[in-house]
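# Architecture at a glance
Chain residues, written in single-letter form:
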Amino acid sequence: MSPPPFSTIAGAFAADASGRELRVRGWVQRSRSSGGILFVLLRDRTGTVQVTAKRDTLGDAAFDAAEHVQVEGVVEVDGTVAADPRAPGGRELRARSVRVVDAGLPFPIFQEQTEEFRLDKRHLVIRSEEHVATFRIKADLLRALRDFLDREEVLEVTPPVLTGNPAEGGAEAFAIDYFGRPGYLSQTAQLYLEAMLSPHERVYALTPSFRAEKSRTPRHLTEYQHLEVELAWTDLGELMSFIERMLVDAAHAVARKRPAELKLLGRSPDELERLSAPFPRLSYAAAVDRLAAAGFPVSFGSDLGTAEERALTLESAEFLFVTRYPKERKAFYMLETPGDPRTVEATDLLGPEGYGEIVGASCRETDLDRLTRRLAETGADPAEYDWYLDLRRHGNVPHAGFGLGVERLLRWMLRREHIRETTPFPRTPSRHTP
Ligand code: 4AD
Ligand code: MG
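Our subject in this report is the structure included herewith. Please read these numbers as outputs of a predicted model, since none were measured by experiment. (Residues numbered from 1 in each chain as written. Chains lettered and ligands numbered in written order. Predicted model: local features only at pLDDT ≥ 70, side-chain atom pairs only at ≥ 80, totals over all residues. Heavy atoms only, no water.)

## Thoughts on the packing of helix 5 (residues 129–151) against helix 7 (residues 236–257)
Where helix 5 contacts helix 7, the axes come no closer than 9 Å and their chain directions differ by 135°. On the basis of their axis angle, the class for helix 5 and helix 7 is oblique. Like other packed secondary-structure pairs, helix 5 and helix 7 cross with a definite hand, here right-handed. Contact residues: helix 5 offers Ile 137, Asp 140, Leu 141, Ala 144, Leu 145, Phe 148, Leu 149 and Arg 151, while helix 7 offers Phe 242, Arg 245, Met 246, Asp 249, Ala 250, Ala 253, Val 254 and Lys 257. Residue composition of the contact of helix 5 with helix 7, by class: 11 nonpolar, no polar and five charged. (Axes fitted to C-alpha atoms, helices over the stretch in contact; angles between N-to-C directions. Helix = DSSP H or I, 4+ residues; strand = E, 2+ residues; numbered from the N terminus. Parallel < 35°, antiparallel > 145°, perpendicular 65-115°, else oblique. Left-handed = near helix turned anticlockwise from the far one by under 90°. Contact = heavy atoms within 4.5 Å. Nonpolar A, V, L, I, M, F, W, Y, C, P; charged D, E, K, R; others polar.)

## What about the side chain of Arg 408?
You can see Arg 408 is positioned in helix 14 (residues 406–413). Although Arg 408 lies buried, it forms no salt bridge, and the closest oppositely charged side chain, Glu 357, sits 4.6 Å away as judged by the N-O distance. Setting aside chain neighbours within four positions, we find Arg 408 in contact with Arg 219, His 220, Glu 357, Ile 358 and Ile 419. (Buried < 20%, exposed > 50% of the residue type's maximum accessible area, 1.4 Å probe, protein only. Lys, Arg positive; Asp, Glu negative; His and termini not counted. Salt bridge = Lys/Arg side-chain N within 4 Å of Asp/Glu carboxyl O.)

## Some thoughts on unusual backbone geometry
Residue Pro 278 is reached from Ala 277 by a cis peptide bond, and omega for that bond is 0°. Tracing the backbone through its elements, the reader meets Pro 278 in the loop between helix 9 (269–273) and strand 12 (281–283). Across the junction of Thr 433 and Pro 434, the peptide omega takes the value -10°, indicating a cis bond. Within the chain, Arg 324 stands out as a residue other than glycine whose phi angle is a positive 55°. Mapped onto the elements of the fold, Arg 324 is located in the loop between strand 13 (320–323) and strand 14 (336–337). On the accessibility criterion, Arg 324 (34% relative accessible area) is partly exposed. Of note, the phi angle at Glu 353 is positive, near 55°, even though the residue is not glycine. On the secondary structure map, Glu 353 appears in the loop between strand 16 (346–351) and strand 17 (356–363).

## Some remarks on helix 5
For helix 5, with 23 residues, the first-to-last C-alpha span of 33 Å sits near the 33 Å given by 1.5 Å per residue. Here helix 5 has its buried residues at His 131, Ala 133, Thr 134, Ile 137, Lys 138, Asp 140, Leu 141, Leu 142, Ala 144, Leu 145, Phe 148 and Leu 149. Elements in contact with the buried residues of helix 5: helix 4 (122–125), strand 10 (202–210), strand 11 (223–232), helix 7, helix 8 (259–264) and helix 14. After helix 5 finishes, the residue Glu 153 shows a positive phi value of roughly 60°. (Expected span 1.5 Å × (residues − 1).)

## Quick notes on a nonpolar patch on the surface
The grouping of Leu 162, Tyr 178 and Phe 179 at the surface amounts to a nonpolar patch, some 360 Å² of accessible area in total. For Leu 162, the location among the structural elements is in strand 7 (residues 162–163). Classification of Leu 162 by relative accessible area gives partly exposed; the value is 43%. (Patch = residues over 30% accessible without salt bridge, like charges linked within 9 Å, V, L, I, M, F, W, Y side chains within 5 Å. Areas by Shrake-Rupley, 256 points an atom, 1.4 Å probe, with all protein chains shown as cover.)

## A word on the sheet that holds strand 6 (residues 155–156)
One open sheet accounts for eight strands, arranged 6-10-11-18-17-16-13-12; its pairing is mixed. On the outer flanks of this sheet lie strand 6 and strand 12, each paired with one strand and no other. For strand 10 and strand 11, the ladder comprises nine bridges, and the chain directions are antiparallel. The residue bridging Phe 210 from the neighbouring strand is Glu 223, located in strand 11. Where helix 6 (residues 190–200) meets the sheet, its contacts fall on strand 6, strand 10, strand 11 and strand 18 (399–405), and the angle it forms with strand 11 comes to roughly 30°. Here helix 14 sits on the sheet and contacts strand 10, strand 11, strand 17 and strand 18; the angle it forms with strand 18, its principal contact strand, is near 60°. (Pairing = 2+ DSSP bridges.)

## Topic: the sheet that holds strand 2 (residues 37–44)
In spatial order, the strands read 1-2-3-5-4; together these five strands close into a barrel with mixed pairing. The sheet shows a mean angle of 50° between the axes of neighbouring strands, taken without regard to direction. Where strand 4 (residues 74–83) meets strand 5 (residues 91–102), 10 bridges bridge the pair, whose relative direction is antiparallel. Among the inter-strand pairings, Val 77 is bridged to a residue of strand 5, identified as Val 98. Of the strands in this sheet, strand 1 (21–34), strand 2, strand 3 (47–54) and strand 5 touch helix 2 (residues 60–67), which is tilted by about 55° from strand 2.

## Comments concerning the pattern of salt bridges
Think of it this way: side chains of opposite charge can pair up when their charged atoms draw near. Inspection of every chain in the model, using the stated rule, returns 41 salt bridges. Among the salt bridges present, the one from Glu 116 reaches Arg 431, with a minimum N-O distance of 2.9 Å. Highlighted residues: Glu 116 in helix 3 (residues 115–120) and Arg 431 in the segment after helix 14, separated in sequence by 315 residues. Arg 267 is paired through a salt bridge with Glu 271; the nearest N and O atoms lie 2.7 Å apart. Here the salt bridges do not stand alone but share partners, grouping Asp 140, Arg 143, Lys 257, Arg 258 and Glu 261 into one network.

Written out as structure tokens, the structure reads:
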């Protein structure tokens, strides 16, 4: 007779599981033995269960082998589910047999180690409860965003990540040798999304973007997941309304899908459920006035850096759209504000509680001459962007779009101190391994 199939560990907690024979396998989270009884907390993707194994039942050889399994070693267990109020969750699995799949070496991760050591051992650290919760939430966040875009009839497309056009400022692009010609890792898919706009009208892409910024801040990665959306026939007001609906929808979806994981990370799902649209809007000019009144040395034209962005929402539980930035502070492709040549039709969405920029958005310049002039002013060679300029020569329509840093959004959602906690293998100026 072949052995029964494996059950998940969650199966041990099913309403009718008590008294049943069960076969499970998983990783040892911790174990101890006393007086001929071994207690193992066993983990699989569905949860943990306490396994108890007796020397008398297993026999000396099997018991000794099971006793020597290290933290993160792997075993298969056959046993009977029993109610036990002392066990976590009120159930345990009383083992009839324990088979060692991998006894493992002593697990090198402990709570008190330095952050640098933990980053060196990131491939092992990501088994922690916090990381498991984080990356399950991230998966559902991505799913919620995609579901929203699907309902809005925005088509997912697949732009390249290798490019000859850096698009967001050459200085912060990772340059590569592309068979002897200059190439770059993409900073944005925007130009390609604009090209795909004419046939599809509404497109998005979720790709890695790369920024060779040396900034060591809690909100910069050199590689991040970039969700970018491009919409035809859309003005700044419509774009902001699209963005806020998307974020409210995603926050609600995550709150409903992952309440336990959110609580484990210290975020109440109710807080996310309370997020609602519309988000307040503040013009850049008014933001500068507010900051100047608070003592910041800023005037019209100043950059709003980390400290300024932080101050604008530090005391608030709401997102904030800052609109109509000075032209010289923003990218070449942004539309000049009709009637105000000093500013562009752009907005940065700042996260609540001082989290800073999470979305960068703008209407795109449709005037070929102005676009070419602005491009040349950035120091780029318009000839290299001629394919992009073609888009203004053939079927040019008003359009707008945005880029959202997925890890920035998640950092706010999970109130993480550092953005690196929202990605399994963070890429920063000092680290690209493991
Ligand atoms: O504001 P950015 O530079 O805008 C663009 O790249 C546009 N072309 C996007 C578009 O309209 N299609 O970047 C967009 C977002 C930022 O708001 C931020 O959330 C995120 O990308 N981002 C980063 N996230 C993590 N680490 C970094 N170094 C980031 N740089 C930008
Ligand atoms: Mg930006």
